[in-house]
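# Observations on the model geometry
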Amino acid sequence: MRIAHFSDLHYAVSTLPEVDTCFTYAVEQAIARQAEVAVITGDTTDHALDAHSPALMALARQIRRLADHCPVLMLQGTFSHEPPGTLDLFSLLGGRYPIHVANHLRQVILNSRREWRASVHTRFDANDWRDADCVLLCSCIPTMNKANVAASVGAEQAGQAIGHYLADLLAGYAPGNLLARQRGIPTIALSHGTVIGCMTEHGVPMAGMDHEFTAGALFQAQANAFMLGHIHLHQAWDHNGQVIAYPGSIGRLHYGEQGNKGFLMWDVTADRANCELVATPARRTLELAFAGAPDMHALHQYVASHSIEGAWVRIRWQCLEEERTTIDRDAITALFRGAAGIKLEGRVIPITRARAAGMARCHQLEEQVHAWAQQVDTPAAPLLACLVQLAIHSPADIAMAALSTETVAGDACTSECHASGNGAVQP
């Protein structure tokens, strides 16, 4: 069975130029490579879409193209991306072959007439399909609602409880999958979630015990191929002919995403499975980061040594507050004028001034001077003498005395006050 596996399309008005270009190319490639079944493992949309949205129309157009070529199986993804009920619309599109929406825990059979038949409960009994005209057995595990589990076991235990429940569920699929494989029927499983230890599209390993699956639990289902969605980086695990794989997202939606974007072409038999990533024309992103202000010389060298034409560029830096006006954003933008888009992200480090601890609790000015002097390790006596002179003489007289050679009472005090004022922190 030759299966085209797509995932994480994230159709929305904001993502439409990228995802529709990539998905259109992917559908063309799936048809050209003679896919017998098309599978989409969740997050087909990025959020709830209005019926008149151009993104919904573009997505429906491509799904219909797939349905005119082969049967289509669509899996419920993350609820925030695909609100429950979103996918039901696609089962009404028509087409030469049927579109089945898997939004409950079910097993689905594809028969030789290329028709879908779903189980009544979470899985088929052996008698339900043993004599059926079955050419492919699919175990569908859509996104689980953690809120329901949290209501029973508590929020802190919900993640681990779902993991234990899914491990038991997957083990329960094993007898039926093994029986189907003995009869020469390919078996696949579909889900949308996180495998512990997988890598995100930014190269970060997913560690912790609150993720849905372990690779061992997935292999226990004894399906030839386990087709996953949710993680945007292509990766795969192989064990005795069984393969678990993420195709990754269809396009590049964020800066810093690693690896090629695309979909998977699977060849699945009753004995083993293998898959191949077919890359899509996802946009190219470039990133430059500076510890301080952007270095124009380094930027000129980068442009001279890299292909900028058609790329999406992000430049990051951080600078002190007084340096922010020295950064010429227009010059940087002009330097990358061949890029398809440029994003400048400057982080300004604010100047912080610390007050002397305890000053606010002092009611007299003399007490505040003592607190400040203690904080900065400065003698308080010269400053207090200056306060006395300020009480006796006018500011104009003190200023004239400082500028003249005349000796007036308090000249020495004024000089000391000037000397002590050289510190970085002022009262």
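So, here is what we can say about the structure in this document. All of these numbers come straight from a predicted model, not from anything done at the bench.

### Observations regarding the packing of aromatic side chains
One pass over the full model with this rule turns up five aromatic pairs. Taken together, a centroid distance of 5.4 Å and an interplanar angle of 90 degrees make the contact between Phe-6 and Phe-23 edge-to-face. Here the residue Phe-6 occupies a position in strand β1 (residues 2-6), and Phe-23 occupies one in helix α1 (residues 16-32), the gap between them amounting to 17 residues. Phe-23 matches Phe-6 in its accessibility class, with the two residues each being buried. Seen in terms of ring centroids, Phe-6 and Phe-263 are 5.0 Å apart; in terms of plane orientation they differ by 25 degrees. Their pairing is stacked.

### A short note on empty space enclosed by the protein
Throughout the structure, instances matching the rule amount to one cavity of 30 Å³ or more. Taken as a whole, the largest cavity spans an internal volume of roughly 40 Å³. Lining the largest cavity we find Ile-141, Pro-142, Thr-143, Met-144, Leu-166, Ser-191, His-192, Glu-212 and Phe-213. Taken together, the residues of the lining of the largest cavity break down into five nonpolar, three polar and one charged.

### Things to note about the pattern of salt bridges
If you walk through the whole model with that rule in mind, you get 11 salt bridges. Residue Asp-68 is joined to Arg-64 by a salt bridge in which the shortest nitrogen-to-oxygen separation is 3.2 Å. For Asp-68, a relative accessible area of 34% puts it in the partly exposed group. Linking Glu-345 and Arg-314 is a salt bridge whose minimum nitrogen-to-oxygen distance equals 3.9 Å. Here the residue Glu-345 occupies a position in strand β16 (residues 341-349), and Arg-314 occupies one in strand β15 (residues 312-320), the gap between them amounting to 31 residues.

### Here's the deal with the sheet that holds β16
The strands making up a sheet associate through hydrogen bonds between their backbones, and the pairing can be parallel or antiparallel. Strand order across the open sheet formed by three strands is β14-β15-β16, with parallel pairing between neighbours. Of all the strands in the sheet, the pair left with one neighbour each is β14 (285-289) and β16. If you compare each strand with its neighbour and ignore which way they point, the axes differ by 15 degrees on average. Alignment of β15 against β16, held across nine bridges, turns out to be parallel. Counted as the bridge partner of Leu-320 is Ile-349 from β16.

### Points about the side chain of Asn-111
Position of Asn-111 relative to the elements: it lies in the loop between β5 (106-110) and β6 (116-118). The exposure class assigned to Asn-111 is buried, which follows from its relative accessible area of 9%. Only 2.9 Å separates the side chain of Asn-111 from the backbone nitrogen of Glu-115, close enough to count as a polar contact. Ignoring sequence-local partners within four residues, the contact set of Asn-111 consists of Asp-133, Cys-134 and Val-135.

The rules we used
- Residues numbered from 1 in each chain as written.
- Predicted model: local features only at pLDDT ≥ 70, side-chain atom pairs only at ≥ 80, totals over all residues.
- Heavy atoms only, no water.
- Phe/Tyr/Trp six-rings, centres within 6.5 Å; stacked < 30°, edge-to-face > 60°.
- Helix = DSSP H or I, 4+ residues; strand = E, 2+ residues; numbered from the N terminus.
- Buried < 20%, exposed > 50% of the residue type's maximum accessible area, 1.4 Å probe, protein only.
- 1 Å grid on protein atoms, 1.4 Å probe; cavity = no way out; pocket = protein on both sides within 12 Å on 5 of 7 lines; lining within 4 Å.
- Points joined across faces, edges and corners; volume = space filled by probe spheres on them.
- Nonpolar A, V, L, I, M, F, W, Y, C, P; charged D, E, K, R; others polar.
- Salt bridge = Lys/Arg side-chain N within 4 Å of Asp/Glu carboxyl O.
- Pairing = 2+ DSSP bridges.
- Axes fitted to C-alpha atoms, helices over the stretch in contact; angles between N-to-C directions.
- Polar contact = N/O pair within 3.5 Å; in protein donor to acceptor, adjacent residues only side chain to side chain.
- Contact = heavy atoms within 4.5 Å.

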